[in-house]
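# Structural description and commentary
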Amino acid sequence: MQPRDLSAHTPYEAGRGIEETARELGVDPEDLVKLSSNENAWGPSPKAVVAIREAAAAVHAYPKASHADLQAALADRFDVADGQVWLANGGDGALDYLARALLAPGDEVLVPEPGFAYYAMSARFHHGRVNEYPLRKAEDFEQTAEGVLDAYDGERVVYVTSPHNPAGTEMPPDEVRALADRTNDDTLVVVDEAYGEFSETPSAVSLLGERDDVAVLRTFSKAYGLAGCRLGYAVVPDDWADAYARVNTPFAASEIACRAGLAALEDDDHVERTVEGARESREYMYEHLDCPTWESGGNFVLAEVGDGTRVFEAAKREGVIVRDTTSFGLPECVRITCGTPEMTERAVGTVNDLL
Ligand SMILES: *Cc1c(COP(=O)(O)O)cnc(C)c1O
């Protein structure tokens, strides 16, 4: 027997792990600089690490209180009702819940191209069909309501990434409002703010008080440094917040993830250090990379290096792992995650030598 026809489904290509690459090159992982997956170069929140240790002794029980407490803490932060926070196994898990809640078989979604691969994957898992809207390099990947609406054809879900991965551009809440105003009443605009903490642009959560057709995605994987815990969430309109209980996988966020998230939320120092470090790293890259870059609202910079795959392969042999953006449809670029000053300087020096 066979699974259902999965020929339209493409596997997610994650940036290579540091241990895999070290094994392949026959070197010590300590000697590698990994700036390919937009992970937090300053590590996890130290408070989260303590919370994870403490949670270890309680993992025989289902995570009930911690899940409710984290929902409440996030709801408080965004000034929404607890039920409007849909915790999930990573931001990706929250995208799945939105697709489960919104899509009937054959419904269409609209995704940015280039863009984050999981929007389309998630829609297809849920028997949806995928259309694309372009972000154009010639327009510096600018994100406007008009640009999305040019491609919009009544899709059920429209995905906006702000700050955008991999380009770094943003769509401020006024522009999201303009977009949502002109899409159909039953079209949901999902604003993916996976990198929102790194940006000075206000969150689109501010729109949720006035409308029922915008949802916002957030994650603990980036600024909070908890990518390995798998913890993210959607903030959804009050009107249909109760759909969560009908679509979620029971206890979708683990006890360890919820405890880590609660502690990380309290650790302002760690977030500040991370955001400030990322800002310095971005500035260094704009200034010192000998190739075109784009200003980024995230913890990464897109750089036009000519042949992204060649630079990626050659940099890897020098122990510096960047992201080849060929799978994003940008074979002439690489994406470099922000790192500590030492990491950033080594990455920039290595890439410059290869140009
Ligand atoms: C990293 C990322 C996410 C979420 O990642 P998780 O680790 O699943 O939380 C979502 N959207 C974009 C654009 C991302 O880069």
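All residue numbers refer to position in the chain's written sequence, counted from 1. Only residues with pLDDT of at least 70 are given local features in this predicted model, and only at 80 or more are side-chain atom pairs given and counted; all residues enter the totals for whole chains, interfaces and linings. Hydrogen atoms and water are omitted, and side-chain values are computed over all heavy atoms in the structure.

As annotated in an unreviewed UniProt entry, the protein carries the name Histidinol-phosphate aminotransferase and is attributed to Halosegnis marinus. Entered under Cofactor (unreviewed entry) in the UniProt record, the comment concerning the protein runs "pyridoxal 5'-phosphate". UniProt positions are given in the numbering used here, feature names are shortened, and annotations may be inferred rather than shown by experiment. A UniProt comment under Pathway (unreviewed entry) is attached to the protein, and it reads "Amino-acid biosynthesis; L-histidine biosynthesis; L-histidine from 5-phospho-alpha-D-ribose 1-diphosphate: step 7/9."

### What about the site of the ligand?
Only heavy atoms are used to decide nearness, and a residue is near a molecule or strand if one of them lies within 4 Å of it. Inspection of the region around the ligand gives 13 residues, with Gly-91, Asp-192, Tyr-195, Thr-219 and Lys-222 positioned closest. Contact distances for the ligand include 2.6 Å between an oxygen atom and a side-chain N or O atom of Tyr-195. In isolation the ligand has 380 Å² of accessible area, and contact with the protein removes 94% of it. Runs of E in the DSSP output that reach at least two residues are strands. Runs of H or I that reach at least four are helices, and both are numbered from the N terminus. Among the elements that make up the shell around the ligand, the one with the highest residue count is helix α4 (residues 90-102) (3 residues). Three classes are used: nonpolar for Ala, Val, Leu, Ile, Met, Phe, Trp, Tyr, Cys and Pro, charged for Asp, Glu, Lys and Arg, and polar for all others, with Gly counted as polar. The residue inventory of the shell around the ligand, partitioned by class, reads 3 nonpolar, 6 polar and 4 charged. Residues adjacent in sequence count toward polar contacts only when both atoms are side-chain atoms; beyond that, a polar contact is any pair of N or O atoms within 3.5 Å, and within protein one must be able to donate a hydrogen and the other to accept it. Only the protein chains shown count as covering a residue, and every accessible area follows the Shrake-Rupley method with a 1.4 Å probe.

### Section: the domain arrangement of the protein
Here the protein is described as being made up of domain 1 (18-36 + 268-354) and domain 2 (46-265). In this document the domain limits rely on a domain assignment from an automatic tool or a database. Between domain 1 and domain 2, the C-alpha centre-to-centre distance is 25 Å. We call two residues in contact whenever any of their non-hydrogen atoms come within 4.5 Å of each other. Taken together, the contact between domain 1 and domain 2 spans 23 residues of the former and 23 residues of the latter. Area buried by domain 1 at its contact with domain 2 is led by Trp-294, Gly-297 and Phe-328, which between them contribute 30% of it. What makes a salt bridge here is a side-chain nitrogen of Lys or Arg within 4 Å of a carboxyl oxygen of Asp or Glu, nothing more. There are 2 salt bridges connecting domain 1 and domain 2. Once two parts are joined, some of their accessible surface, as seen by a 1.4 Å probe, is lost; buried area is that loss totalled over both.

### Quick look at helix α11 (residues 308-317)
Exposed residues in this analysis have more than 50% of their type's maximum accessible area, buried residues have under 20%, and partly exposed residues fall in between, with area computed by a 1.4 Å probe over protein chains only. For α11, every residue scored as buried is listed here: Gly-308, Val-311, Phe-312, Ala-314, Ala-315 and Lys-316. Looking at the buried positions of α11, the neighbouring elements they touch are α1 (18-25), β10 (320-321), β11 (323-324), β12 (333-337) and α12 (341-354). Phi turns positive one or two residues past the end of α11, at Gly-319, with a value near 90°.

### Quick look at the nonpolar core
Here the nonpolar core consists of buried residues drawn from Ala, Val, Leu, Ile, Met, Phe, Trp, Tyr and Cys, with membership extended through side-chain atoms lying within 4.5 Å. By size, the foremost hydrophobic cluster in this structure holds 80 residues, and its most contacted members are Leu-70, Trp-86, Leu-87, Leu-98, Leu-179 and Phe-220. Residue assignment places this core across two domains, with domain 1 (18-36 + 268-354) and domain 2 (46-265) each supplying three or more. If you look at the next biggest cluster of nonpolar residues, it comprises 30 residues, including Ala-22, Val-33, Tyr-195 and Leu-289.

### Notes on the UniProt feature "domain: Aminotransferase class I/classII large" (unreviewed entry) in the protein
The sites that carry the UniProt feature "domain: Aminotransferase class I/classII large" (unreviewed entry) are, in the present numbering, residues 31-349. Across residues 31-349, helical content stands at 37% and strand content at 16%; the span's end C-alpha atoms are separated by 16 Å.

### Things to note about the side chain of Ser-221
Along the chain, the position of Ser-221 falls in the loop between β7 (214-219) and β8 (232-235). Here the side chain of Ser-221 touches Arg-230 through a polar contact of 3.5 Å, side chain to side chain. With residues up to four places along the chain from it excluded, the contact list for Ser-221 reads Leu-226, Ala-227, Arg-230 and Leu-231.

### A word on the packing of aromatic side chains
For any two aromatic rings, the description comes down to two numbers: the centre-to-centre distance and the angle of the planes. When the centres of two rings from Phe, Tyr and Trp lie within 6.5 Å, Trp using its six-membered ring, the rings pair. Their planes under 30 degrees apart give stacked, over 60 give edge-to-face, and anything left gives tilted. For the structure on display, the rule yields 12 aromatic pairs. On the numbers, 4.9 Å between centres and 45° between planes, the contact of Phe-220 with Tyr-224 is tilted. With respect to class, Phe-220 is no different from Tyr-224; both count as buried. With centroids separated by 5.9 Å and ring planes inclined at 55°, the aromatic side chains of Phe-220 and Tyr-233 adopt a geometry described as tilted.

### Brief notes about the packing of α11 against α12
To obtain each axis, a line is fitted to C-alpha atoms, and for helices this fit is confined to the stretch in contact; angles are then taken between N-to-C directions over 0 to 180 degrees. Between α11 and α12, whose axes approach to 10 Å, the crossing angle comes to 125°. When the axis of α11 is compared with that of α12, the two are oblique. Relative to α12, α11 is oriented so that their crossing is right-handed. Of the residues in α12, those in contact with Arg-310, Val-311, Ala-314 and Ala-315 of α11 are Thr-350, Val-351 and Leu-354. An angle counts as roughly parallel when it lies under 35 degrees, as roughly antiparallel when it exceeds 145, as roughly perpendicular when it falls between 65 and 115, and as oblique in every other case. Handedness of each helix crossing follows the sense of rotation of the near helix against the far helix: counterclockwise by less than a right angle gives left-handed, clockwise gives right-handed.

### Observations regarding the side chain of Ser-199
Within the element layout of this structure, Ser-199 appears in the loop between β6 (188-192) and β7. According to the relative accessible area criterion, Ser-199 is buried, its value standing at 14%. A distance of 2.6 Å separates polar atoms of two side chains, one belonging to Ser-199 and the other to Glu-170. The residues contacting Ser-199, other than those within four sequence positions of it, are Pro-163, Glu-170 and Gly-297.

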